[in-house]
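# Observations on the model geometry
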Amino acid sequence: MKQEGPYKVCDYSFEELRALLFVDNNAVRDDHESNCVVDYLENYLDDLKSKTIILESRYTDSDYLDDYTAYYARCFTDFNKRTRRIHLFDYPFTQEAFEQCLSGKAPSLRDLLECPKSKHYLGFIVIRPLPRTFVGRTCLRTSTDNDGARSYPVTRTYHANLFGIRLSLETLAFQEQDHEVAACATSALWSLFHGSSVRFGHSVPSPSAITSTATSSIPDWLKANPDTRRFPNSGLSTAQICAAIRSVGLEAFLIGALKPGDEETSTRKDNHSTRSCQRSIDGLSKRANINGAAYAYLSAGIPILMVCSLKEPKRAAETTAGIQKKLEGETCVDRGFHAVTLTGYSLENGLSSVTHKQYSIALRAMRIDKLYAHDDQIGPFAEMAWRDDDRSLDTKWYKSAGRTIYAVPDCLIVPLTPKIRIPYETIEESVFQLDPRLGEFSSSGYPAGKQVEWEIRLVTVNVLKSEIIDDSSISMEERIRLLSLDLPKHLWLAAGWVADTYYPAKKQIEFIVDATALKQEGGLIDAIIRDTYLPSALGSSLKNVKIPDAENATIQVSSLTRQIYSYLIAFA
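Residues numbered from 1 in each chain as written. Predicted model: local features only at pLDDT ≥ 70, side-chain atom pairs only at ≥ 80, totals over all residues. Heavy atoms only, no water.

### Structural notes on the pairing of strand S9 (residues 251–255)
Summarising burial for S9: 4 of the 5 residues are buried, a large majority. Two strands pair when backbone bridges link them, and S9 and strand S17 (residues 406–416) are joined in this way by 5 bridges, in the antiparallel orientation. By the bridge assignment, Ile-255 is partnered in S17 with Leu-412. (Buried < 20%, exposed > 50% of the residue type's maximum accessible area, 1.4 Å probe, protein only. Helix = DSSP H or I, 4+ residues; strand = E, 2+ residues; numbered from the N terminus. Pairing = 2+ DSSP bridges.)

Shown next, in the form of C-alpha cells:
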C-alpha cells in the first residue's frame, strides 16, 4: 500500500472534502450520509467560495492530545494520537505551484497566501481519528451578507503555520462534541473560553480539563447529575457550567436564574426540568430579555452560553404529494436541553419597540432578528432566527432531513470578571423609567415628536476614549474634558439615538455608568451630550415631576435613575 505523503493539494469540491474527512477515522459507512456538521460545512464553505484544499496529513493538535492522554489512550482500540488538518483557500493553485512555493521558486504565491491577515485563507478543520464525532478544532472565516446586517463581535486572531507559511484569520474556534470527554455544554464552554480569554486574559483549558473541573467541583447537596460519570460524560448541569467558568477566574452571571427550590437544569437529554427568569425585567417577552442582554454583552466581545430546550412538533403522516403537514393544534416532543455559545447577531433596519408597563420603548437590541451560535451539533456561526411567537428560535437541526427542531431559550450564562458588578438589567431598568418622560414632555404642549432609540452596551475605558477622540460631533472643549476623565476599566453606556426627516439617526446623549460600582450607589459618572434636544426635553419634563422618596415610594426608582434625573434637571 502506497504511503500517504505529508500533504496533498487539490481543487475544492465537497466530494473531495468529504472523502478527506472520512479517511483514517474509523467512521462507519452510515455516518458518511448522516453527519449534520459535515452537511452544514458543505453550505458554509460554498458561501465562502472555497477554491483550493491542502491536506496536512500528520498534525498534532494540543486539545485532542490532552483528550487522548486523559481518555483515548486507555481504550482497547488503538486510536491514533495524531490528527489531520485541512486548510482551505479562496484562491486556486495546484500542488506543483505549492511545491514551488515551498522551495522558493514561486515566492509570489507565498506572498499572496501570507500577506497581512491572509486575505485568501479561509481557515482550517482538524480531523480527529474518532469513529463518529471527528470534526475537531475548526477555525473558519465568518460568512458575510450583502446588507451588512450580520455582526460577529466575539472573534480573535488565530495563527496557523503551514510548512513555514504563516497564515492567520479572525474567527472563533469550534469543535464537535465527542460524547466521551465532552458533551454539548463542554464544547460550548470550550468555544466560550476561546472568546473570553481575549477579553479577560485567562488560559483556555482543553475539553477534558473542562469536564474534569466541572464534575469535580460540585458538592453533593446540589444534586447536580448524581448519576453522571466524569468520563464518558453525558452532560453538565448549570451549577457545573458555572463551576467551570469560575475555574478560569471569572464569575458566571445567570440571566434567567433559578428560584430557590427549583429543580436543577441539565443539558442531558433525559432531564426536562423548568426554569424561571428571576434576573430579568418583569413583563417583557423572552425575546426582549434575551436580545437585550445578548446585544449588551456580545457587542463588548463577551461570548454568552445559552441553555435552551429543544422542541420538535408532532407531524401527521406524509400526504400523497409527499409533503409533511403540521397537525392543527399540534403538540411538541421534548428533545432535551442543549447548550450553545452565542457569537453574533443580525440587526434589522428600522426601529423596533418593546412594551413595558403600557409604554412603547425603542431598543436597538430589539432589532435582532437572528442570533449566531457555535452549536456542536450543527457547526460554527449557525443561524438561530426568532419565530413569530417571540419565545423560540428556529435551528438548523435536521434541516437536510426535512425535520423542524426549534429552541426555547432557558437561560443565558455570561462569563464576567468579578470587577463587573452592575448587571445589564439595572441599566435597562433606568432607561424604562426615563423614556416615558418624553411622552409626558410631548403631551405638555411641547412638540417633541421624535422617536428615541436606546442603545445599551458594555465597553472598556480604552474603547470609549477611542470613540470619543474620533467623534467630530463632540465639541473640541468637551472632547478634551471627556478624554481627561479618570475612569474605571469597565463601563456601561446608555445612548439615546434620535432620527429626523433630514438626517439619519445620531446619538444625542450618552450616559456613562461605572460597571464596577455598587448597585446601591448608582454609578453614574458623566454624560456625553452631542445635541441639546433630547437632554433638554427630558430635563424640562422632569422639572414638573415629583420624584418619589426612596423610602416611601410606591413606584421604585433605582439609585441610578435618581442620579440621571438629577443630572438632566440640572442641565435643563
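From this point, the narrative continues.
### Quick look at the pairing of strand S18 (residues 452–460)
Of all 9 residues in S18, 9 are buried; the element is thus mostly enclosed. Of the two faces of S18, the one carrying Val-452, Trp-454, Ile-456, Leu-458 and Thr-460 and the one carrying Glu-453, Glu-455, Arg-457 and Val-459 are both buried. Judged from the 2 bridges that link them, strand S13 (residues 359–363) and S18 form a sheet pairing that is parallel. Bridge pairing links Leu-363 to Trp-454 in S18.

### Regarding the pattern of salt bridges
Once their charged atoms are close, side chains differing in charge can pair, the charge on each being opposite to the other. Throughout the structure, instances matching the rule amount to 21 salt bridges. Where Asp-531 meets Lys-506, a salt bridge forms, and the shortest distance between an N and an O atom there is 3.7 Å. Note that Asp-531 is positioned in the loop between strand S21 (524–529) and helix H15 (533–543) and Lys-506 in strand S20 (residues 503–514), a separation of 25 residues in sequence. The salt bridge partner of Glu-510 is Lys-507, with a shortest N-O separation of 3.4 Å. Residue Lys-507 is classed as buried on the basis of its relative accessible area, which comes to 15%. (Salt bridge = Lys/Arg side-chain N within 4 Å of Asp/Glu carboxyl O.)

### Notes on the packing of helix H13 (residues 461–469) against helix H14 (residues 476–483)
Close contact between H13 and H14 brings their axes to 10 Å; oriented N to C, the two are set at 165°. Between H13 and H14, the angle falls in the class roughly antiparallel. Read as a crossing pair, H13 and H14 show a hand that is left-handed. On H14, the residues that touch Lys-465, Ile-468 and Ile-469 of H13 are Arg-479, Leu-482 and Leu-483. Here the residues of the contact of H13 with H14 are counted per class, giving 4 nonpolar, no polar and 2 charged. (Axes fitted to C-alpha atoms, helices over the stretch in contact; angles between N-to-C directions. Parallel < 35°, antiparallel > 145°, perpendicular 65-115°, else oblique. Left-handed = near helix turned anticlockwise from the far one by under 90°. Contact = heavy atoms within 4.5 Å. Nonpolar A, V, L, I, M, F, W, Y, C, P; charged D, E, K, R; others polar.)

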